[in-house]
Amino acid sequence: MKARIIALLVLGVSVFYSCQKEEDVKPATNPRFSVAQIQETNTQGISVAANVFDYGSDEIIEYGFAVSVLPQPKIQPLSVTKKSGKPELFFDLVITSSLTKGVTYWVAAFIKTNKNIVYSEPVSFVSTGSGGFFVEKINFKDEVYYGDTVEVIGNNFSDGMANKSVSVSDAEAQVIYGDQNGIKFILPKELANQINKKNLELSIKISDGVLEKEFKRVFTFVDPIFEVQGFQSFNFGDTLTLQGSFFLGQDIFVKFNGNQIQPISTSENEIKFKVFDLNHPLEKPNLTINVRGKDYNLGHIFGIKPTIVNPGQEIDVYFFSSSIIAGENFAPDLSGFNQLIDENGFQIPFNMVFVNQNELHINFNSDYIFPQRSGKFFIRNFDKLSENGVNYKIISPLFLVAKYNEQQYGIDSESIVLGNKGYFVSEDKLYSVLLESNFNQSLELQIPFYFHNSTMFRQFGGKIYMGGGVSDEGFDIKTFYEIDPISKSVRKLADFPENFGRPTKIYEHNGDIIFEGGSFQNSPEQQGFTNKRYKYLVQQDAWAKLDDLAESVDFYNFQEDLIFEYKNEIFALRNNATTYRKELKKLNNNTLLWENLAIYDVYESFRMNEVLIFKEYAYVRFQSLFIKINLENYSFEYLNTHPSNPLSLGFRGILLQNNDKGYFHYGDLLIEYDPYFGN
C-alpha cells in the first residue's frame, strides 16, 4: 500500500508542486517537497506523508507535520508531530494529537533547516477522531514495591506536568516528571489493599489534558523480608511482633501448621499476632506468613512455655465450691488444657470457673471419679507437667469410685463381702465387685433359683448361703443352697424346717448357723408367726431344734433384726413391737440369750439389713435417717445425709465394707463412704 502511494506521489509531481516561500534565504537553497498527503484517518490518529524533491543547500535538523483548525497551521498549530534529522525522500508520520471527530482540520508538511522553516501549502481533512499522545513503552523494575518509580516513554505529550495525571488501579499516583516524550510517576501505597498476588496485572490510566488512555501491565512485587530473632518462648497470652519490610498487601495471613489465624495488626514493617490460637492450639507451630498471595514458611521459630504452679499450695475440696490455684502461664479455658494429673498419672476431672494467666479457679462435681481422696496433682499442658504440685483433700464422706455401664439388671439381694470382693444377686445370677484398685464388676455364676423377697443371703466361713424367701404366690420357699465363690460350685442343702420360712435373726455360732423366730405361710390356711429357733449344722447338712425364744414374735416385730459383730461379739438392733423404738442387744454366747443394752428414739424402719462398722462406731441407715452408735458406751447421734449431694442416693443402695472403707452400690454407681472426711 505504501509503495503504491509513493508511486502515485512521484507520478503526480507536476501537479503537486509546493508553493514554497522563502524566509531570508535564496529560493535555490530551500528544500522542496510535496504537500501533506492523508494516507489514513482512524481513531488511532492520522497517517500523513510527503515527498522530498530537493533537500536544498542548508542543513536540515527537523521535519514533520503541523495541524490546525485554521488553514494556516504554521501560524496557529494545534499540534506538531515531528522528528529530528534529515528525512528520506519519502517520509510519513502518525499524528496522535487529540482530534475531535467530524471537525475539519488543516495539515501542512514542514522541514526545518539550521536557518529557517519551510512549510507546504495546507491540506484540509475531516477527522474521525484520534488518540492524542502515543505510548511506546512503560518501564519499571523486575520486582517493584510502593514508592518505586515507573517511567512512561512515548511522544506527543504536552509540555511539563500541569496537564498530566496517572492512576494505578484507581489509586492516584504522584507524577514526578513530564515532557513531550513521557511521564515518570510513583507507585502509590494506596494500591496495597488491592494487591493480593505476587504477580498482578494492574490498570494504568494516563491523562494528558482532556485525553485519557488506559494500559494494562503485569507487575511483580518484591518478596517481603522477615527479621527472625531465633527461637523464642512465650506465655499463652503473649503477642509476637514479627518485624521486617515490604509487608503491605491486600491481606496478610498468619498460618499455624497451615491453619489460618487472624493477626492483631499489620503494617509495612510489623505483623502482630497471638502466639496461641484457640482454634488451632499448638505448642510449637510451623509458622507461615502469606503476603500478597504467596506463602513464606518461617518454620518453628517460637513455642509456649510450661505452666508454673506456685510451690507449697494445699486445697480442701468441697464439692461445688470453688478452689483457687496460683501460678504463672495457665492456659486459656480450652478443652484438653490445664489438666489436673495426680502422682500416678491419673487425670482428675474438674469444672473450669475462671482462668487468667496467674490464677486457675475450679470446682469439682460429686459425680466425677477421682483416683483417690487425697494426694497431689500437677497442671499439664502439651504433655508437660508443672514443676510444682498442689496437695489436695476431698472433704466429703461420699466419694464416687466407679461408674459402670448402664445396668441391665436390678440388685435384688443385700450384700456380703468375702476378702476384697463384694457379692450381690440379681434374679438368678451372682455378681461381684472388686473393692479396690479399678473396682471391676463381674458376673460370677448363674445360680439354680431366682432371688425372692426375704431370701436369705449370708456368708459364713468363706461360703455363701442362700435360701428361703417368699414365692410369687406368697408362700414360703424351703430350698437352701451353699455357694463356693472360689470354685464357683453350688450345693443344695437340706430344706428349711416346716413353718419356718422367714426368720428374724440369722447369725453364726461355733461354726454353725442359728435361725430365730419369724413368720411363715405354707398355704392360705396355714400361716402365722413363730418364736422357734433352729441351728443348721454345717458339717452334717442337718437342722437341729433349739429352745424357743422367750419373747413372742408378731406382725410388729417380725422384721429381720440387724445382726453385726464388734470385737468378736454379736449385736442385734431390733424394732420394738410396742414402742416402735429401736433396741440394741448383745448375744450371750454361753446361754444364747440376748441382753438389752440401749433403746433409741428412732421410729423409722431399717432401709437395708446391713451395718457399717468404723472403729468403735456402727453406722445404720433408716428410711430417711442415718445414725451412728458408739459400741463402747451405746450412745448414738444423727448424721448428715448430705441431701444436696447427688451421691446421697447411695444411701439407698447395698452396703459393702472392705476393712476401713465402706461402699454403697446404687444403680450404676459405686460410692465410697468415709465418715472421717467431712461428715
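The structure under discussion appears in the preceding block.
Note that the structure is predicted; figures quoted are calculated from it, not measured. (Residues numbered from 1 in each chain as written. Predicted model: local features only at pLDDT ≥ 70, side-chain atom pairs only at ≥ 80, totals over all residues. Heavy atoms only, no water.)

Draft legend 1. Region of interest: the sheet that holds strand S60 (residues 654-658). Read across the sheet, 4 strands follow the order S39-S62-S61-S60 without closing on themselves; strand pairing throughout is antiparallel. The sheet terminates laterally at strand S39 (398-403) and S60, the two strands that pair on one side only. Geometrically, the sheet is characterised by an average inter-axis angle of 30 degrees between neighbouring strands, direction not taken into account. Bridge analysis of S39 against strand S62 (residues 669-673) gives 5 bridges, and the strand direction is antiparallel. By the bridge assignment, Phe399 is partnered in S62 with Glu672. (Pairing = 2+ DSSP bridges. Helix = DSSP H or I, 4+ residues; strand = E, 2+ residues; numbered from the N terminus. Axes fitted to C-alpha atoms, helices over the stretch in contact; angles between N-to-C directions.)

Draft legend 2. A look at the environment of Ser124. Mapped onto the secondary structure, Ser124 falls in strand S10 (residues 123-126). Along the primary structure Ser124 and Asn139 are separated by 15 residues, whereas in three dimensions their C-alpha atoms are 38 Å apart.

Draft legend 3. Quick look at the pairing of strand S61 (residues 661-666). Direction of pairing for S60 relative to S61: antiparallel, over a ladder of 5 bridges. Within S61, the position partnered with Ile654 by the bridge is His665. As paired elements, S61 and S62 share 5 bridges and run antiparallel to each other. Within S62, the residue paired with Gly662 across the bridge is Tyr673.

Draft legend 4. Layout of the environment of Pro73. For Pro73, the position within the fold is in the loop between strand S4 (60-68) and strand S5 (79-84). Note: C-alpha distance between Pro73 and Ala36 (37 residues apart in sequence) is 12 Å. Ignoring sequence-local partners within four residues, the contact set of Pro73 consists of Ala66, Val67, Ser68, Trp106, Val107, Ala108 and Pro122. (Contact = heavy atoms within 4.5 Å.)

Draft legend 5. Molecular detail of the pattern of salt bridges. Applying the stated criterion to the full structure yields 32 salt bridges. Between Glu583 and Lys585 there is a salt bridge, with its nearest N and O atoms 3.7 Å apart. Judged by its relative accessible area of 10%, Glu583 is buried. By relative accessible area, which is 6% here, Lys585 ends up buried. Residues joined in a network through salt bridges with shared partners are Lys505, Asp561, Arg574, Glu583 and Lys585. (Salt bridge = Lys/Arg side-chain N within 4 Å of Asp/Glu carboxyl O. Buried < 20%, exposed > 50% of the residue type's maximum accessible area, 1.4 Å probe, protein only.)

Draft legend 6. Highlighting the side chain of Thr288. Structurally, Thr288 is set in strand S26 (residues 287-291). Among the residues examined, Thr288 registers a relative accessible area of 10% and is labelled buried. When residues no more than four places from it in sequence are discounted, the contact partners of Thr288 are Phe253, Val254, Lys255, Asp295, Tyr296 and Asn297.

Draft legend 7. Inspection of the side chain of Lys198 at higher detail. With respect to the helices and strands, the residue Lys198 is situated in the loop between strand S16 (182-186) and strand S17 (199-208). Ignoring any residue separated from it by four or fewer positions in sequence, one finds Lys198 in contact with Glu143, Phe219, Thr220, Phe221, Val222, Asp223, Arg292 and Lys294.

Draft legend 8. Main features of the packing of aromatic side chains. All told, the structure shown has 54 aromatic pairs when counted by the stated rule. For the pair Phe636 and Tyr638, a centre-to-centre distance of 5.3 Å together with 75 degrees between the ring planes defines the contact as edge-to-face. Taking relative accessible area as the criterion, Phe636 reaches 27% and is therefore assigned partly exposed. Taken together, Phe460, Tyr465, Phe480, Phe496, Phe515, Tyr536 and Trp543 form an aromatic cluster joined through their ring pairs. The ring of Tyr55 is capped by Lys86, whose NZ or CZ atom sits 4.1 Å from the centre of that ring. The cationic tip of Lys628 hangs over the ring face of Tyr617; the distance from NZ or CZ to the ring centre is 4.4 Å. (Phe/Tyr/Trp six-rings, centres within 6.5 Å; stacked < 30°, edge-to-face > 60°. Lys NZ or Arg CZ within 6 Å of the ring centre and 35° of its normal.)

Draft legend 9. The nonpolar core, seen in detail. Formed by 33 residues in total, the largest nonpolar core has its most connected members in Ile325, Leu340, Phe364, Phe377, Ile379 and Leu670. For this core, the elements supplying multiple residues, two or more each, are strand S30 (313-317), strand S35 (359-363), strand S36 (374-381), strand S38 (390-394), S39, strand S42 (429-434) and S60. Contact partners of Ile379, with chain neighbours within four places excluded, come to Thr307, Val309, Ile325, Phe330, Asn338, Gln339, Leu340, Leu360, Lys384, Leu385 and Ser386. Counting 30 residues, the second-largest nonpolar core is a separate cluster that includes Val144, Phe185, Ile195 and Leu211. (Core = buried A, V, L, I, M, F, W, Y, C linked by side-chain atoms within 4.5 Å.)

Draft legend 10. Highlighting the environment of Asn596. Relative to the assigned elements, Asn596 resides in strand S55 (residues 594-600). The class of Asn596 is exposed, set by a relative accessible area of 60%. Sequence separation between Asn596 and Val425 is 171 residues, and the spatial gap between their C-alpha atoms is 34 Å. Ignoring anything within four residues of it in the chain, the contact list for Asn596 reads Leu584 and Lys585.

Draft legend 11. The arrangement of unusual backbone geometry in detail. In this structure, Asn257 takes a positive phi of about 55 degrees despite not being glycine. When you line up the elements, Asn257 lands in the loop between strand S22 (252-256) and strand S23 (259-261). In this structure, Asp541 is a non-glycine residue whose phi angle is positive, near 50 degrees. As for its placement among the helices and strands, Asp541 is situated in the loop between strand S50 (527-537) and strand S51 (542-546).

Draft legend 12. Molecular detail of a nonpolar patch on the surface. Judged by side-chain polarity, Val69, Leu70 and Val103 come together as a nonpolar surface patch covering roughly 210 Å² of accessible area. Examined against the element boundaries, Val103 turns out to sit in the loop between strand S7 (98-99) and strand S8 (104-113). (Patch = residues over 30% accessible without salt bridge, like charges linked within 9 Å, V, L, I, M, F, W, Y side chains within 5 Å. Areas by Shrake-Rupley, 256 points an atom, 1.4 Å probe, with all protein chains shown as cover.)

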